[in-house]
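Descriptive analysis of the structure
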Amino acid sequence: MELLFWTSAALIAYVYVGYPLLLAAWARMAPRPPKKYQFPAGHWPSLSIILAARNERSRLPVRVANLLTLPYDGPRELIVVSDGSTDGTAEAVAPFASRNEIRFVEVPAGGKPLALNAGVAIATGNILVFADARQRFTGGALSALVSNFADPEVGAVTGELILDCESGSSASSIGDGVGAYWKYEKWLRRNESLVRSTLGATGAIYALRRSLWRPLPAGTLLDDVLAPMRAVLGGWRVVFEDQAVAMDRTAPDAAAEARRKRRTLAGNYQILAQEPRLLLPIVNPVWLQYMSHKVGRLIVPWALVALLVSSVALTREGWLYSLALTAQAGFYALAAFGAWLEARDRQTGRRFATKLPVAIGKEAR
Amino acid sequence: MVYRVARVAFTFVMMNLAAVTGLFSLRRGPEVWK
């Protein structure tokens, strides 16, 4: 039981404290920033922006306009793939039909990975840029993404997704927690990029050399992890570009965020089945980071349970175990209080009422 | 401050629960994600 206690404690401490410290030291001592280059006008690589959408009629006009008007000094095409939409998505794209850069494809409902496959199959650009319907890219996003491809080692580039909760302007009842988590996660990605590669990309904004694309299996949950990690396994780098920004809103409440996280973490399990090579240190050039960051997140929940159980069993064996149990009890009591706060905010809408003036105040400045 | 820490602690627990339920939802098939 003591072995279980110490193993669990060490694993949790390594994933959330040890690994970040190791990564920070590594990134500081041996940084490898990509060799970015601002291509001369007229020499920027051709882009194919792929946007898979299902029943996004209300969002598409603004989103298509956003993607077509972003500054970029090279050829681009926008491929909108309707994944079995039944809301007249085609009509939302129709006003743009006269523009040569836009192409519209309709496929039977098969899920996002098959829609992306269909879009990439007709793409002609050297660089694929993946986007979703809900977010917005900021002005220099495309140029910032593509400038990284001047480095011949870079196979994919992930942009930065900024959530409204990070600035405190979200009406979400789970905004504080998600904002803190997302900032921490992006800090890890930034440093992993400096060391060698991020462990995937952000689905809302990432780019990949078209030559590296392999069709996604149906049912793939995390196209934005599978496609970049295949590039990493092929010896390419995937880098984080914080000047390429997509803006998004936070999930409205804990239930919605839990669904999203469940899907993401299920996807992390799925990828281990799709690409078991990721578990082999001789094949995966970012094995240590992958095990510490991605696999570690899958193991920590079980380690938390093991730590709690072993602490209860050992509490009479010494003050240290009693202290550990007390600390865990305090932490879970705090989390329960947080759950109560979230439920209260969700029911009363109080958080929205208290946050909105802050948001307006920031806009006014 | 306590409120903020409590919200972060809740999010941490929720995310770890999601890792467990994610494993079981993977076994149940893709319909649970839609």
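The structure presented is a predicted model; accordingly, all values stated were derived computationally and were not measured.

Conventions we followed
Residues numbered from 1 in each chain as written. Chains lettered and ligands numbered in written order. Predicted model: local features only at pLDDT ≥ 70, side-chain atom pairs only at ≥ 80, totals over all residues. Axes fitted to C-alpha atoms, helices over the stretch in contact; angles between N-to-C directions. Helix = DSSP H or I, 4+ residues; strand = E, 2+ residues; numbered from the N terminus. Left-handed = near helix turned anticlockwise from the far one by under 90°. Contact = placed C-beta atoms within 7 Å. Nonpolar A, V, L, I, M, F, W, Y, C, P; charged D, E, K, R; others polar. Core = buried A, V, L, I, M, F, W, Y, C linked by C-beta atoms within 7 Å. Buried ≥ 20, exposed ≤ 12 C-beta atoms within 10 Å, placed from the backbone. pLDDT = per-residue confidence, 0-100.

Here we come to the packing of helix H7 (residues 223-233) of chain A against helix H8 (residues 254-274) of chain A. All names here are of chain A. Where H7 contacts H8, the two axes come as close as 10 Å, and the packing angle between them is 35°. As for the relative orientation of H7 and H8, their crossing is right-handed in sense. Two secondary-structure elements touch here, H7 through Val225, Leu226 and Met229 and H8 through Gly267, Ile271 and Gln274. Within the contact of H7 with H8, the residues separate by chemical class into four nonpolar, two polar and no charged.

With that settled, consider the nonpolar core. The biggest cluster of nonpolar side chains holds 88 residues, and the ones touching the most others in it are Ile50, Val129 and Ala207 of chain A. Among the elements that line this core, the one with the most residues is helix H1 (residues 2-28) of chain B, at eleven residues. Phe5, Val300, Ala303 and Leu304 of chain A belong to the second-largest nonpolar core, a separate cluster that totals five residues.

Facing the 30 residues of chain A at the interface are 23 residues of chain B. No other element matches the nine residues that H8 of chain A contributes to the side of chain A that touches chain B. When its residues are assigned to classes, the side of chain A that touches chain B shows 20 nonpolar, four polar and six charged.

Moving on to the confidence of the model for chain B. A residue-level look at chain B finds 79% of positions with pLDDT of 70 or above and a mean pLDDT of 79. Both confidence scores are given for the complex: pTM 0.87, ipTM 0.86.

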